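Examining the three-dimensional arrangement
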Amino acid sequence: MTDQTQTEQIRSGKGFIAALDQSGGSTPKALKLYGVDESAYTSDEEMFGLIHDMRARIIKSDAFDGNRILGAILFERTMDSEIDGKPTATYLWENCKVVPFLKIDKGLADEEDGVRLLKPMPDLDALLKKAVSKGIFGTKMRSVIDAASATGIAAVVAQQFEVGKQILSYGLMPIIEPEVTISIADKAEAEQILLAEIKKQLDALPEGQQVMLKLTLPEVANTYKPLVDHPNVLRVVALSGGYSRDEANARLSQNTGMIASFSRALTEGLSAQQSDADFNKTLDASVQSIFDASIAG
């Protein structure tokens, strides 16, 4: 079962969750933003090696510790890799006091009914067993909502909770992530439908069973406050979803009880070409601004 110390840190700690889980499709973009062009690698292995180097540099920075960062979400290859001779998840907890999570989804199915469901995960049981053996606390899986489609959103939430129950059976904490695309015209309407569907699923969980939620920052502040307060929710975290760090922080600070789980907004401004001093200074400022927004609500 999940470690009580880690559970309490996620439940009531001040800070946020770092999303370091870019996968195959998003890695080239993440590297480019980091100042590493596609000409710098010739294979997937080289590409994933470079992104691991970037993540290791972030994790080893003095700016990255449990005083402001409660947890970190890892890509499977990052979990399987090491930092200074230690498995990444072990290093995170023992050296940084940061709770390790794992991204488990295999990407998105094609859009249908205004949403993109999770692709099938036939090897999920094996991955969850491995996650337990590696000291992972919880998992994350992302679906996408592109329209205020009542039937589509219901399908996304039902699938997320179905997989969530499978994750819970391994003693792991699922982060359920039905992302609402920030650019859609009916975003606020989609968020109201999503709120109702999530609440329906939460109400059906057994007493004492908890999940986490990772949600797009809403159009109307505190839309998700009923979920923050729900007894079957350990914590509600927010994704940046393409907003700049400044806008994501501004929106987050208006939502009581939500904390950040930013990816691109966390690494904004970091570069492979920076000296360690400049890199650490930039990361420290980023971490502090996200921390401040996470505790502002």
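In what follows, the accompanying structure is described. (Residues numbered from 1 in each chain as written. Predicted model: local features only at pLDDT ≥ 70, side-chain atom pairs only at ≥ 80, totals over all residues. Heavy atoms only, no water.)

**Some points on the pairing of strand β7 (residues 138–145)**
Short version of the rule: Relative accessibility decides the category of a residue: with a 1.4 Å probe and only protein chains considered, values under 20% of the type maximum give buried, values over 50% give exposed, and everything between is partly exposed. Put simply, DSSP H or I for four residues or longer makes a helix, DSSP E for two residues or longer makes a strand, and each gets a number counted from the N terminus. Strand pairing is defined by DSSP finding a minimum of two bridges between the two strands. Seen with its strands pointing away from the viewer, a crossover is right-handed if its path from the first strand over the helix to the second goes clockwise.
Along β7, seven of the eight residues are buried, which leaves the element largely enclosed by surrounding structure. Across three bridges, the pairing between strand β5 (residues 99–103) and β7 is parallel. In the sheet register, Lys-103 faces β7, and the bridge partner there is Lys-140. Here strand β6 (residues 115–116) pairs with β7 via two bridges, running antiparallel. Considered in β7, the bridge of Arg-116 is made with Val-144. Here β7 pairs with strand β8 (residues 173–180) via eight bridges, running parallel. In the strand pairing of β8, Arg-142 is matched with Glu-177. Handedness of the crossover joining β7 and β8 through helix α7 (residues 150–168) is recorded here as right-handed.

**Describing the pairing of strand β10 (residues 233–239)**
Among the seven residues of β10, seven are classified as buried, and the element is accordingly described as predominantly covered. Pairing of strand β9 (residues 211–216) with β10, which is carried by six bridges, proceeds in the parallel orientation. Bridged to Val-211 within β10 is Val-233. Bridging between β10 and strand β11 (residues 259–260) involves two bridges; their strand directions are parallel. Directly across from Val-237, in β11, lies its bridge partner Ile-259.

**Topic: the nonpolar core**
Here is the rule: Working definition of a nonpolar core: buried Ala, Val, Leu, Ile, Met, Phe, Trp, Tyr and Cys residues. They are joined through side-chain atoms within 4.5 Å. We call two residues in contact when some of their heavy atoms are within 4.5 Å.
Judged by nonpolar contacts, the single largest core of 83 residues is most densely connected at Phe-64 and Leu-213. If we ignore the near neighbours within four places in the chain, the residues touching Phe-64 are Ala-18, Leu-20, Ile-58, Ile-59, Ile-69, Ala-72, Leu-92, Cys-96 and Val-98. Grouped together as the second largest cluster of nonpolar side chains are 15 residues, Ile-10, Val-99, Phe-101 and Ile-175 included.

**A few points about the environment of Val-36**
By secondary structure assignment, the location of Val-36 is in the loop between α2 (27–33) and α3 (44–60). Residue classification places Val-36 among the buried positions, given a relative accessible area of 11%. The sequence separation of Val-36 and Thr-5 amounts to 31 residues, and the corresponding C-alpha distance is 38 Å.

**Observations concerning the packing of α7 against helix α8 (residues 187–203)**
To keep things clear, this is the line we draw: The axes are straight lines fitted to the C-alpha atoms, using for helices just the contacting stretch, and the angles between their N-to-C directions are given from 0 to 180°. Left-handed describes a crossing whose near helix is turned anticlockwise from the far helix by less than a right angle; the clockwise case is right-handed. Three residue categories are used. Nonpolar comprises Ala, Val, Leu, Ile, Met, Phe, Trp, Tyr, Cys and Pro, charged comprises Asp, Glu, Lys and Arg, and polar comprises the others, including Gly.
Packing of α7 against α8 brings their axes to within 9 Å, and their N-to-C directions diverge by 40°. Of the two possible hands of crossing, α7 and α8 adopt the one that is right-handed. Packed against α7, whose contacting residues are Ala-150, Ile-153, Ala-154, Val-157, Ala-158 and Phe-161, the element α8 presents Ala-190, Ile-193, Leu-194, Glu-197, Ile-198, Gln-201 and Leu-202 at the interface. Its residues assigned to classes, the contact of α7 with α8 comprises 11 nonpolar, one polar and one charged.

**Some thoughts on the side chain of Thr-88**
Position of Thr-88 relative to the elements: it lies in helix α5 (residues 88–96). Overall, the relative accessible area of 0% leaves Thr-88 in the buried class. For Thr-88, the contacting residues outside a window of four places in its chain are His-52, Ile-59, Leu-74, Thr-78, Met-79, Ser-81, Glu-82 and Ile-83.

Take it as geometry only, folks, not as evidence of what the structure does.
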